[in-house]
Amino acid sequence: DWVMQGHIAEAVESIRQQVGSEEVILGLSGGVDSSVAAALIHRAIGDQLTCVFVDHGLLRLNEGDMVMDMFAGKLHAKVVRVDASQLFLDALKGVSDPEQKRKIIGKLFVDVFKAEAEKLKASNATRKGAAFLAQGTIYPDVIESGGAKSKKAVVIKSHHNVGGLPEQLGLKLLEPLRDLFKDEVRELGVALGLPHDMVYRHPFPGPGLGVRILGEVKKEYADLLRQADAIFMQELRSTIEPNSGKSWYDLTSQAFTVFLPVKSVGVMGDGRTYDYVVALRAVQTSDFMTADWAELPYALLKKVSSRIINEVRGINRVTYDVSSKPPATIEWE
Ligand code: XMP
């Protein structure tokens, strides 16, 4: 619409003013905020922007390829993909405490990003070296960092919208979404041509599957979880609730699969199986501070369960989490 196109034109002009002929580096996570920031800045300055996408190996099925497809493939933005999955797996070896895992992932993420940014700063790819670090900080982040509410919130902020990093890298900060609320960011994303499904995705934690695999993170677990979760998401998106005409994906605020590193007994054909368990989690909430478990239709749960058990070799039991927040949290870790 006209209003939005006006906003975009204004934002584009202001980014051009601020950046001039200098170069910008942006950390792309695949999340809504960094994606919209990337699309907007790319609209404004094209190849003066280089996105750095650190793949920590704890993303969902095909997520990394989808990010590359969208930004490098469709938008023709410059994107450097850093495959750091082995690095993260090695660093997480033997670690089972949730906060410890968060710290390790957050720190390594910053280290890897920083190393890449240093390289870019020095390289010809950025002709004169980069001068700006762009971040997808949105208005609620700005407020929150004024008075962090919980320890987790601090960790969240220190993970993706990295405090102190611009100074350490000797870069100026570019934050074109600073004045926008989440719904405005989403509208902007759609207006910039990002796919609806990408812009209206449920939130996904920075540490990714690292906190959805209970205890120690292993590649085997991550691979099983990715397959199971993809099935759950597929069925949520394709099952329409007749009264609202909306999918169950859109009717829930956040839904995902959790990997439980315990084995239980099952039967398959003539044989006995002894395989892993996953839990399905789906919640409805307006602020993520409190949340109700979603009353998904039994038929949907049935289909997801039977598909996971039949299609994912290594999982023989599916449970549904019927805990509300509080006292349970939305994530299991
Ligand atoms: P909980 O589990 O605390 O989650 O009820 C509330 C919201 O925060 C998200 N979450 C995180 N996001 N890094 C993030 O970026 C984290 O470490 C993290 N832990 C929880 C969670 O997905 C939910 O949306």
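Computed from a prediction, not measured in an experiment: that's the story for all the values here.

(A) Summary view of the domain arrangement of the protein chain. Its domain assignment divides the protein chain into domain 1 (2-199) and domain 2 (212-320). The distance between the C-alpha centroids of domain 1 and domain 2 comes to 29 Å. Contacts between domain 1 and domain 2 engage 9 residues on the former and 9 residues on the latter. Considering only residue class, the side of domain 1 that touches domain 2 consists of 5 nonpolar, 2 polar and 2 charged.

(B) Main features of the confidence of the model for the protein chain. Considering every residue of the protein chain, the mean pLDDT works out to 93; 93% of them sit at 70 or more. When the criterion is pLDDT under 50, residues 147-159 qualifies, and its contacts beyond four places in sequence or with other chains add up to 16 contacts. For this predicted complex, the interface score ipTM comes out at 0.99, alongside a pTM of 0.92.

(C) Region of the structure containing the UniProt feature "binding site: ATP" (unreviewed entry) in the protein chain. UniProt tags Ser29, Gly30, Gly31, Val32, Asp33, Ser34 and Ser35 as "binding site: ATP" (unreviewed entry). Among the secondary structure elements, serine 29 is positioned in the loop between strand E1 (23-28) and helix H2 (32-45). Here serine 29 falls in the buried class, since 24 other C-beta atoms lie within 10 Å of it. Mapped onto the elements of the fold, aspartate 33 is located in helix H2. Excluding residues that lie within four positions of it along the chain, aspartate 33 makes contacts with Gly136, Ile138, Leu177 and Val185.

(D) Here's a closer look at the sheet that holds strand E4 (residues 130-134). Within the open sheet, the 5 strands sit side by side as E3-E2-E1-E4-E5. Their pairing is parallel. Both outer strands of the open sheet, strand E3 (78-83) and strand E5 (172-174), are each paired with one neighbouring strand and no more. Across the sheet, the axes of successive neighbouring strands diverge by a mean angle of 30°, strand direction being ignored. Summarising the sheet, E1 and strand E2 (residues 49-55) pair through 5 bridges and their orientation is parallel. When the bridges of E2 are listed, isoleucine 25 appears paired with threonine 50.

(E) Looking closely at the nonpolar core. Within the largest apolar cluster, 81 residues are counted, with the highest numbers of intra-cluster contacts made by Val24, Leu26, Val36, Ile41 and Cys51. In terms of residue count, H2 provides more of this core than any other element does, 9 residues in total. Each of two domains, domain 1 (2-199) and domain 2 (212-320), supplies a minimum of three residues to this core. Residue contacts for isoleucine 41: discarding those within four places in its chain leaves Ile15, Val24, Leu26, Leu49, Ala134 and Pro176.

(F) Expanded view of H2. Look at H2: 20 Å from first C-alpha to last across 14 residues, which is about the 20 Å you get at 1.5 Å a residue. The element H2 is largely enclosed, with a buried count of 13 among its 14 residues. Glycine 46, located one to two residues past H2, shows a positive phi value of around 50°.

(G) Examining the packing of helix H11 (residues 219-238) against helix H13 (residues 298-311) more closely. It is at 9 Å that the axes of H11 and H13 come closest, and there the two elements cross at 150°. In terms of orientation, H11 lies roughly antiparallel with respect to H13. As for how H11 packs across H13, the hand of that crossing is right-handed. Of the residues in H13, those in contact with Ala228, Ile231, Phe232 and Glu235 of H11 are Leu300, Lys303, Val304, Arg307, Ile308 and Glu311. Its residues assigned to classes, the contact of H11 with H13 shows 6 nonpolar, no polar and 4 charged.

(H) Unusual backbone geometry, seen in detail. The linkage connecting lysine 325 with the following residue, proline 326, adopts the cis geometry, with an omega of -15°. Here proline 326 shows up in the segment after strand E11 (315-320). A cis amide bond links proline 326 with the next residue in sequence, proline 327, at an omega value of 5°. Following the sequence through the fold, proline 327 ends up in the segment after E11. Positive phi values are uncommon outside glycine, yet asparagine 62 reaches one of about 60°. Along the polypeptide, asparagine 62 turns up in the loop between E2 and helix H3 (63-74). Phi angles above zero are rare outside glycine, and phenylalanine 288 is one such case at about 65°. Within the element layout of this structure, phenylalanine 288 appears in the loop between strand E9 (271-284) and strand E10 (292-293).

Rules used throughout
- Residues numbered from 1 in each chain as written.
- Predicted model: local features only at pLDDT ≥ 70, side-chain atom pairs only at ≥ 80, totals over all residues.
- Domains from an automatic or database assignment.
- Contact = placed C-beta atoms within 7 Å.
- Nonpolar A, V, L, I, M, F, W, Y, C, P; charged D, E, K, R; others polar.
- pLDDT = per-residue confidence, 0-100.
- UniProt positions renumbered as here; feature names shortened; annotations may be inferred.
- Helix = DSSP H or I, 4+ residues; strand = E, 2+ residues; numbered from the N terminus.
- Buried ≥ 20, exposed ≤ 12 C-beta atoms within 10 Å, placed from the backbone.
- Pairing = 2+ DSSP bridges.
- Axes fitted to C-alpha atoms, helices over the stretch in contact; angles between N-to-C directions.
- Core = buried A, V, L, I, M, F, W, Y, C linked by C-beta atoms within 7 Å.
- Expected span 1.5 Å × (residues − 1).
- Parallel < 35°, antiparallel > 145°, perpendicular 65-115°, else oblique.
- Left-handed = near helix turned anticlockwise from the far one by under 90°.

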